[in-house]
Amino acid sequence: MARWIAFLAGALYIDFLFHSGYAHGFGFEATTMAGRLGALFFVLIVTLLVYYISYKFFPPSFFHGVIFASGFFASFDIIVIHWVFQLHRLTYGPEVVVLEPLLVIAGVAMIIFSVKREKKLQEAAH
């Protein structure tokens, strides 16, 4: 049950962060590459904070679930929604050509990391 809760919490959080492309923070609109990258950097910092909190204050399975869910949405969402169906992009500038493939690679790495760590944790428990 804890794994499902962790998966859903991570999935909803990442989905919220990655799908606010037209959001305006405090009335500002990111129209330049620096502004768009700054917005993504802010999301990165908040995401790392959530990872730290889930690592520090919750069981390891919860942390692994958050990492898995983040990796799943970072890779699956970009491939299917952004590339296949072209519904929206991470940003609407030229930096997307570099950022999206990096996020897909990072997402796959996060999935592999979390599955291996959770499997090792389960083997140690038995």
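Just above, that's the structure.
Below: a short report on this structure. (Residues numbered from 1 in each chain as written. Predicted model: local features only at pLDDT ≥ 70, side-chain atom pairs only at ≥ 80, totals over all residues. Heavy atoms only, no water.)

So, on to the environment of arginine 36. On the secondary structure map, arginine 36 appears in helix 2 (residues 33–57). Taking relative accessible area as the criterion, arginine 36 reaches 14% and is therefore assigned buried. Counting along the chain gives 59 residues from arginine 36 to glutamate 95, while the straight-line C-alpha distance between them is 8.9 Å. Excluding residues within four positions of it along the chain, arginine 36 makes contact with Ala30, Thr31, Thr91, Tyr92, Gly93, Pro94 and Glu95. (Helix = DSSP H or I, 4+ residues; strand = E, 2+ residues; numbered from the N terminus. Buried < 20%, exposed > 50% of the residue type's maximum accessible area, 1.4 Å probe, protein only. Contact = heavy atoms within 4.5 Å.)

This brings us to the packing of helix 2 against helix 3 (residues 60–84). Two numbers describe how helix 2 lies on helix 3: the axes approach to 8 Å, and their chain directions differ by 155 degrees. Looking at the two axes, helix 2 sits roughly antiparallel to helix 3. Contacts from Tyr51, Ser54 and Tyr55 in helix 2 reach Phe62, Phe63, Val66, Ile67 and Ser70 in helix 3. Along the lines of polarity and charge, the residues of the contact of helix 2 with helix 3 split into six nonpolar, two polar and no charged. (Axes fitted to C-alpha atoms, helices over the stretch in contact; angles between N-to-C directions. Parallel < 35°, antiparallel > 145°, perpendicular 65-115°, else oblique. Nonpolar A, V, L, I, M, F, W, Y, C, P; charged D, E, K, R; others polar.)

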